[in-house]
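Here is what each chain is made of, one letter per residue.
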Amino acid sequence: MPKNENLKSILIIGSGPIVIGQACEFDYSGSQALRSLREDGIETILINSNPATIMTDPVMADHVYLLPLTTKSLVKILKEHPQIDAVLPTMGGQTALNLCIEADEKGIWEDFDVKIIGVDIDAINITEDREKFRELMLKIGVGMAPQATATSFLKGKEIAQEFGFPLVIRASYTLGGAGASIVYKPEDFDRQLSHGLEISPIHEVMIDKALMGWKEYELELLRDKNDNVVIICTIENMDPMGIHTGDSITVAPAMTLSDSTFQRMRDMAIHMMRSIGDFAGGCNVQFAVSPDEKEDIIAIEINPRVSRSSALASKATGYPIAKIASKLAIGYTLDELDNQITKSTSALFEPTLDYVIVKIPRWNFDKFEGSDRTLGLQMKSVGEVMGIGRSFQEALHKATQSLEIKRNGLGADGKGYTNYDKIIEKLTNASWDRVFTIYDAIQMGIPLSRIHEITKIDMWFLKQFEELDALEKEISKYKIDTLSRDLLLEAKQKGFADRQIAHMLDCLESDVYNKRDELKINRVYKLVDTCAAEFVAQTPYFYSTFESDMELASGERFSQNESKVSDKKKVVVLGSGPNRIGQGIEFDYCCVHGVLAAAECGYETIMINCNPETVSTDFDTADKLYFEPVFWEHIYDIIRHEKPEGVIVQLGGQTALKLAEKLDRYGIKIIGTSYQALDLAEDRGSFSRLLKENNIPYPEFDTAETAEEALAVADRLDFPILVRPSYVLGGQGMKIVINKDELEETVVDLLRKIPNNKLLLDHYLDGAIEAEADAICDGENVYIIGIMEHIEPCGIHSGDSNATLPPFNLGDLVIQQIKDHTHKIALALNTVGLINIQFAIKDDKVYIIEANPRASRTVPFIAKAYGEPYVNYATKVMLGEKKVTDFDFKPKLNGYAIKQPVFSFNKFPNVNKALGPEMKSTGESILFIDSLKDDEFYDLYARRKMYLSK
């Protein structure tokens, strides 16, 4: 039975600004849903307040409303679009669902005759109300941990007395495990209970007997209206129960589950999904399994919507869950839809993987001084990476290489822990670097049985680590000339990077690369095809691996490479890697637009990225997707294989920029601004000389490489002084100091964290106004796309400031200086593409803080505010297809747009919330106001100095 023909116009609710616990995986789901519905000729109307994402771009929906996610905004949209037939709330995470439920309770959907599709409100209520859910599970014979609900402090105390410790407290109707905790001791119980009751919107908590050490699994299901159910992916958490799934290292397919237990788990998941309601769409079910031979299964929870894991499961299997879930929501059945990868088989199938996926979360604890870094039931990671390999070991290594935390993989880089007590402590209190600590523990000789006893991680995983350590020890016995081909091939098949092997052999990375080349140990590329190569895949989505050669009857040896190189002109876009504070979804927006613009210019587009949450890694965004670490060795091999015209680095944030020097050294063309210009802007000394030659003012500054040099510089500059390291993003390590003691302490600390760095010391312009400009330059002409004034004073990182477009109180003289400086700097740096310049304004004089000749965090915001596709234009300029003068710029904005930062401090209650030169916000929203008399602007302006820290 085909789709419901009565549905002609659908409202989709987005997930709002990115916070810890709800990141850009819902941006990916929403984008897929919008594209899916438009394929069926349905009018799409989107509400979302996040300007940084591709989802809120005009190319995605017929009507985009950048409004706060409130019922007031919904009513406004429904009045303007009386033709809306239905609302799809399952693509925007918990935020969208909560808003949908609130609107339902207020009777808004009924008033406007709007149908809720893709979800059953009763199903949501059953799954969110832990008591009702428990009763239902017991009724259908699904086991659960002993648990009870408390809506008061007294009731909570009674339950604790009955169950005994350890206990788990979970707050109802919250996201990312907010308000959840494990309580081991009675003395901690009162505080955690109060916190849970307070944070739950309905002041209710569920108290469970803790299943510490049990194994945790997730299943992703899809179901249609005819009750066909498919299980898309089984995900196993390497970390046992007690760590939030968003903070766990996860593996697909499940590695340590017996077949009979897997079949029981499948049956239970399908039974649970059918019992909670009669709806068509996606569903995520979580289970705990006892670590003994009985393998008892207990249900943890069920989410009848597209979940955080759905993006991961989609990228892991090649099965686009959100896209198919949207089709099911409008009435299709699974057997009527195509498998999106093969295009020749049905969507009513369960993907088969002939590879392994490892997801590792990415944390940003360095941004939250004093935060509790141990992992638990409350999610703390800000992003994630995914590695694809032919074995768990290869995928694990690729994931660790993708993290961008100055590690080359597991071990073999001289950065491991060697202190026994430190290792035991880090294993006991699960830490963000647990995956590395396990390897360090094995290297030190701590028995696997002891590591298992402390961490409760399954022995199968620990043995995989042990094998890697044994291989490292074996290779370390040789030199580069004496290492055998078999041993080198084995190291590559297990994911060791050339850098790691060079560390083991005490030689250069290039020596290992050359030896590999000489011995013909080359990467081959395999398709992610959903069906273990049973059918031909039409979608070019690749991962790399190493294979032993096969020998033909003729004696010719070869290994099979599934990535066929075309003779079209090609361009590679380097992605931005995992989300983190300072480099978020806005760079993914830029990469997607870069790919689309290059395609418009006739190029075959190649995307390299390792972030499973994003639209850039959707298998049909670029002509070819390489799901690989944005790590030199992987990139160089892809470039040698594909032979592109060049590489675009200025859209992927600092991740891609950091590779510009290597690309330049290896003679690979950088499209747009040259490496020399990029480096000149980063090198403060050279950049200041350029400013001096062009007569452009900048704060007095000097550089230092030791604490002694810094103290000597302080004698020449007046305090306060802004101290910052070179080549970092998001203001990492920046501090304002007001005396020599503070200066010495800061410099010593920075050089310990970032050795051999050149520190910049600027005289800090106290009380100055901060502004920034973004522009497009083709080397001859400059067009300023936007000038923003920050509401907060200079000294608060631009990413944490409320930025107002256009400026609200800069005089004509100041604006003219900003324009003149921007033109001069863009041309002096030979910019081809985008550039962002930051200014400090004091006594009507405009000083330059810094210039970045690349896409900046603010470009998507300006594009949304003015309704212009600036990244599309800039990419065409970079490719040399157009000049700035070829475009007809028509920005449209009535009143003002304000980019408002959003913080996730609630995840770190003990952290100093003061803002300063180091960025701390995790996301942003956009606010449109008609005039400066607006109450919201007045509030922001009144509070502008509240959080300023020095």
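Residues numbered from 1 in each chain as written. Predicted model: local features only at pLDDT ≥ 70, side-chain atom pairs only at ≥ 80, totals over all residues. Heavy atoms only, no water.

Caption draft 1: Representation of the overall build of the protein chain in the model. Scanning the protein chain from N- to C-terminus turns up 31 helices and 35 strands. Here the protein chain has a C-alpha radius of gyration of 28 Å; the compact-globule value for 950 residues is 30 Å, and the two agree. Counting only C-alpha atoms, the protein chain reaches 80 × 75 × 60 Å along its principal axes. For the protein chain, the residues scored as buried account for 66% of the 950 residues in total. (Helix = DSSP H or I, 4+ residues; strand = E, 2+ residues; numbered from the N terminus. Rg over C-alpha atoms; globule rule 2.2 N^0.38 Å. Buried < 20%, exposed > 50% of the residue type's maximum accessible area, 1.4 Å probe, protein only.)

Caption draft 2: Summary view of the pairing of strand β9 (residues 205-209). Of all five residues in β9, four are buried; the element is thus mostly enclosed. Pairing of strand β6 (residues 147-150) with β9 involves four bridges; the strand directions are antiparallel. Pairing of Gln147 across the sheet is with Asp208, part of β9. Judged from the five bridges that link them, strand β7 (residues 167-171) and β9 form a sheet pairing that is antiparallel. The residue of β9 that forms the bridge with Val168 is Asp208. (Pairing = 2+ DSSP bridges.)

Caption draft 3: Examining the sheet that holds β6 more closely. Pairing within the open sheet is antiparallel, and its four strands lie in the order β6-β9-β7-β8. Edge positions in the sheet fall to β6 and β8 (181-183), since each has one partner strand and no second. For this sheet the average axis-to-axis angle between neighbouring strands, irrespective of direction, equals 25 degrees. Packed onto the sheet, helix α6 (residues 130-140) meets β6, β7 and β9 and runs at close to 155 degrees relative to β6. Running at roughly 165 degrees to β6, helix α7 (residues 153-163) makes contact with β6, β7 and β9 of the sheet. (Axes fitted to C-alpha atoms, helices over the stretch in contact; angles between N-to-C directions. Contact = heavy atoms within 4.5 Å.)

Caption draft 4: Examining a nonpolar patch on the surface more closely. Together, Met550, Leu552 and Phe558 make up an exposed nonpolar region whose accessible area comes to about 240 Å². Checked against the element boundaries, Leu552 lands in the loop between β19 (550-551) and β20 (557-558). (Patch = residues over 30% accessible without salt bridge, like charges linked within 9 Å, V, L, I, M, F, W, Y side chains within 5 Å. Areas by Shrake-Rupley, 256 points an atom, 1.4 Å probe, with all protein chains shown as cover. Salt bridge = Lys/Arg side-chain N within 4 Å of Asp/Glu carboxyl O.)

Caption draft 5: View of the pattern of salt bridges. Taken as a whole and assessed by the stated rule, the structure comprises 55 salt bridges. With a shortest N-O distance of 3.1 Å, Asp498 and Arg516 are connected by a salt bridge. With a gap of 18 residues between them, Asp498 in helix α18 (residues 498-505) and Arg516 in helix α19 (residues 509-518) connect regions that are remote in the sequence. A residue is classified by how much of its surface remains accessible, and Asp498, at 0% relative accessible area, is buried. Under the relative-accessibility criterion, Arg516 is labelled buried at 2%. Measuring nitrogen to oxygen at the nearest pair gives 3.9 Å for the salt bridge that ties Glu924 to Lys899. Taken together, the residues Glu924 in strand β35 (residues 923-929) and Lys899 in strand β34 (residues 896-902) connect sequence positions 25 residues apart. Note on accessibility: Glu924 and Lys899 belong to one class, buried. Shared partners join several salt bridges into a network, and the residues in it are Arg35, Glu39, Asp40, Lys323, Lys327, Asp618 and Asp620.

Caption draft 6: Geometry of a negative patch on the surface. Side chains of Asp104, Glu105, Glu110, Asp111 and Asp122 sit close together on the surface and give a patch of like negative charge. If you list the elements that add at least two residues to the negative patch, you get α3 (93-105) and α4 (108-111). (Lys, Arg positive; Asp, Glu negative; His and termini not counted. Charge placed at Lys NZ, Arg CZ, Asp CG, Glu CD.)

Caption draft 7: Molecular detail of the side chain of Lys494. Structurally, the position occupied by Lys494 is in the loop between α17 (485-493) and α18. If we skip the residues at most four places from it in the chain, Lys494 touches Gln393, Glu394, His397, Glu467, Leu468 and Leu471.

Caption draft 8: Local environment of the sheet that holds strand β23 (residues 624-627). Spatially, β17-β18-β23-β22-β21-β24 is the arrangement adopted by the six strands of the open sheet, whose pairing is mixed. Both outer strands of the open sheet, β17 (524-527) and β24 (646-648), are each paired with one neighbouring strand and no more. Averaged over all pairs of adjacent strands, the angle between strand axes in this sheet comes to 30 degrees, irrespective of strand direction.

Caption draft 9: Just the layout of surface pockets, in detail. Of the volumes computed, that of the second largest pocket is approximately 1,200 Å³. Lining the second largest pocket are 39 residues, with Ile182, Asp372, Thr374, Leu375 and Gly376 sitting closest to its centre. At the level of elements, β8, α8 (186-199), α13 (420-428) and α15 (448-455) are the ones that each hand at least two residues to the lining of the second largest pocket. Per-class residue counts for the lining of the second largest pocket are 16 nonpolar, 14 polar and nine charged. (1 Å grid on protein atoms, 1.4 Å probe; cavity = no way out; pocket = protein on both sides within 12 Å on 5 of 7 lines; lining within 4 Å. Points joined across faces, edges and corners; volume = space filled by probe spheres on them. Nonpolar A, V, L, I, M, F, W, Y, C, P; charged D, E, K, R; others polar.)

Caption draft 10: View of the packing of aromatic side chains. Throughout the structure, instances matching the rule amount to 26 aromatic pairs. Relative to Tyr666, the ring of Trp632 lies with its centre 5.0 Å away and its plane at 45 degrees, an arrangement referred to as tilted. Pair noted here: Trp632 is in helix α21 (residues 632-642) and Tyr666 is in the loop between α23 (660-665) and α24 (675-682), with a separation of 34 residues, a long-range link. The class for Trp632 is buried, based on a relative accessible area of 5%. When the centroid spacing of 5.8 Å and the interplanar angle of 85 degrees are considered together, the rings of Phe808 and Tyr941 count as edge-to-face. Here the residue Phe808 occupies a position in the loop between β31 (803-805) and α28 (812-828), and Tyr941 occupies one in helix α31 (residues 935-942), the gap between them amounting to 133 residues. Three or more aromatic residues link up through ring pairs in this structure, and these residues are Phe365, Phe368, Phe903, Phe905 and Phe908. A cation over an aromatic ring shows up here: Arg223 above the ring of Phe279, its NZ or CZ 5.3 Å from the ring centre. Sitting above the plane of the Phe631 ring, Arg499 keeps its charged end 4.7 Å from the centroid. (Phe/Tyr/Trp six-rings, centres within 6.5 Å; stacked < 30°, edge-to-face > 60°. Lys NZ or Arg CZ within 6 Å of the ring centre and 35° of its normal.)

Caption draft 11: Quick look at the pairing of strand β1 (residues 9-13). Where burial is concerned, most of β1 is hidden: five out of the five residues are buried. Residues of β1 alternate between two faces, with Ser9, Leu11 and Ile13 on one and Ile10 and Ile12 on the opposite face, all of them buried. Relative to strand β2 (residues 43-47), β1 is paired through five bridges, and the arrangement is parallel. Counted as the bridge partner of Ile13 is Ile47 from β2. Taken together, β1, helix α1 (residues 25-39) and β2 constitute a β-α-β crossover, and its handedness is right-handed. Summarising the sheet, β1 and strand β4 (residues 86-88) pair through three bridges and their orientation is parallel. When the bridges of β4 are listed, Ile10 appears paired with Ala86. (Right-handed = clockwise from strand over helix to strand, strands pointing away.)

Caption draft 12: Focus on the environment of Leu211. Looking at the element boundaries, Leu211 is found in the loop between β9 and β10 (215-223). In this structure Leu211 touches Ala145, Met241, Ala288 and Ile298, once residues within four positions along its chain are discounted.

Caption draft 13: Spotlight on unusual backbone geometry. A cis geometry characterises the amide bond from Phe165 onward to Pro166, with omega recorded as 0 degrees. Of note, Pro166 is situated in the loop between α7 and β7. A positive phi angle is found at Glu295, which is not glycine, with a value near 50 degrees. With respect to the element layout, Glu295 can be found in the loop between β13 (281-289) and β14 (297-303). On the accessibility criterion, Glu295 (11% relative accessible area) is buried. Here the phi dihedral of Lys456 falls at roughly 65 degrees; this positive angle occurs in a residue that is not glycine. You can call Lys456 partly exposed: its relative accessible area is 37%.

Caption draft 14: Layout of α8. Taking 1.5 Å of rise per residue, the 14 residues of α8 would be expected to cover 20 Å, and the 21 Å separating its terminal C-alpha atoms lies within 8% of that figure. Here the buried face of α8 lies against β6, α7, β7, β8 and β9. (Expected span 1.5 Å × (residues − 1).)

Caption draft 15: Here's a closer look at the side chain of Ser314. Inspection of the secondary structure assignment puts Ser314 in helix α10 (residues 308-317). On the basis of relative accessibility, which here comes to 2%, the residue Ser314 falls in the buried class. Here the side chain of Ser314 touches Tyr319 through a polar contact of 3.3 Å, landing on its backbone oxygen. Once you skip the residues sitting within four places of it in the chain, Ser314 turns out to touch Tyr28, Tyr319, Pro320 and Ile321. (Polar contact = N/O pair within 3.5 Å; in protein donor to acceptor, adjacent residues only side chain to side chain.)

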